[in-house]
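The lines below spell out each chain.
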Amino acid sequence: MDWNDIKAPTLEEFEKIADEAFARLPEGFRARCEGLIIRIEDFPDDEIATEMGLESPFELLGLYQGISHVERSVMEPVHMPDMVFLYRRPLLDYWAEYDETLGHLVTHVLVHEIGHHMGLSDDDMHAIEEAAGRG
């Protein structure tokens, strides 16, 4: 492999990786994500960093913003769409340090960010990742 022309994926390329990872997830899981928006940013913004008490913007790989399915009520007024943020630079930094594919890492973070807000157990999330394949 010629590494001279290899570059880290851009925000747009990372969005494609995330879209492909989401498309590989089991249909039943994806159906529960109706209306979910996946956003790719280089780092969490200052407000999120302060709110979460981050010492470094590299500490956060992803974030789910929305109302948990466990806490959601049909009596609630319309709310903002659920969003998952994937942070490109922290993910790339993590990827460089560990022996896993970037696709698998993106799938892992995506499933866990969504899964925690659906009230899924770690075992449930692991099964979803396995069903999606290694990426």
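Residue positions are counted from 1 within each chain, in the order its sequence is given. Reporting in this predicted model follows two pLDDT cut-offs: at least 70 for local features of residues, and 80 or more for side-chain atom pairs to be given and counted; totals over whole chains, interfaces and linings ignore these cut-offs and use all residues. Computation of side-chain values covers all heavy atoms of the structure but excludes hydrogens and water.

(A) Inspection of the overall build of the protein chain at higher detail. Every helix listed is a DSSP run of H or I at least four residues long, and every strand listed is a run of E at least two residues long, numbered separately from the N terminus. Along the protein chain, the regular secondary structure elements total six helices and three strands. The N-to-C order of helical and strand elements in the protein chain reads α-α-β-α-β-β-α-α-α. Here the term buried applies to any residue with accessible area under 20% of the maximum for its type, exposed to any over 50%, and partly exposed to those in between, with areas from a 1.4 Å probe on protein chains only. Within the span of the protein chain, comprising 135 residues, buried residues form 38% of the whole. Pairs at least 24 residues apart make up 68% of the contacts formed inside the protein chain by residues separated by at least 6 positions. Accessible surface is estimated by sampling points in the Shrake-Rupley manner with a 1.4 Å probe; for residues, cover comes only from the protein chains shown. Total accessible area on the protein chain is roughly 8,500 Å²; 52% of this is exposed by carbon and sulfur atoms. By definition, residues are in contact when any of their heavy atoms lie within 4.5 Å.

(B) Structural context of the side chain of Glu 129. Among the structural elements, Glu 129 can be located in helix α6 (residues 122-132). We call two N or O atoms a polar contact when they sit within 3.5 Å, provided that within protein one can donate a hydrogen and the other can accept it, with sequence-adjacent residues counted only if both atoms are side-chain atoms. Here the side chain of Glu 129 touches His 112 through a polar contact of 3.1 Å, side chain to side chain. Sequence-distant contacts of Glu 129, that is, excluding residues within four places in its chain, are made with His 104, His 108, Val 111 and His 112.

(C) Representation of α6 in the model. By the burial criterion, the buried members of α6 are Met 125, Ile 128, Glu 129 and Ala 132. Relative to the axis of α6, the buried residues are bounded by an arc of 100 degrees and lie together on one face. Facing away from the buried side of α6, by more than 90 degrees, are the exposed residues Asp 123 and Ala 131. Taken from the residues just after α6, Gly 133 is the one with a positive phi, measuring 90 degrees. Think of it as the arc spanned by the lines of direction from the helix axis to the C-beta atoms.

These figures capture arrangement, not role.
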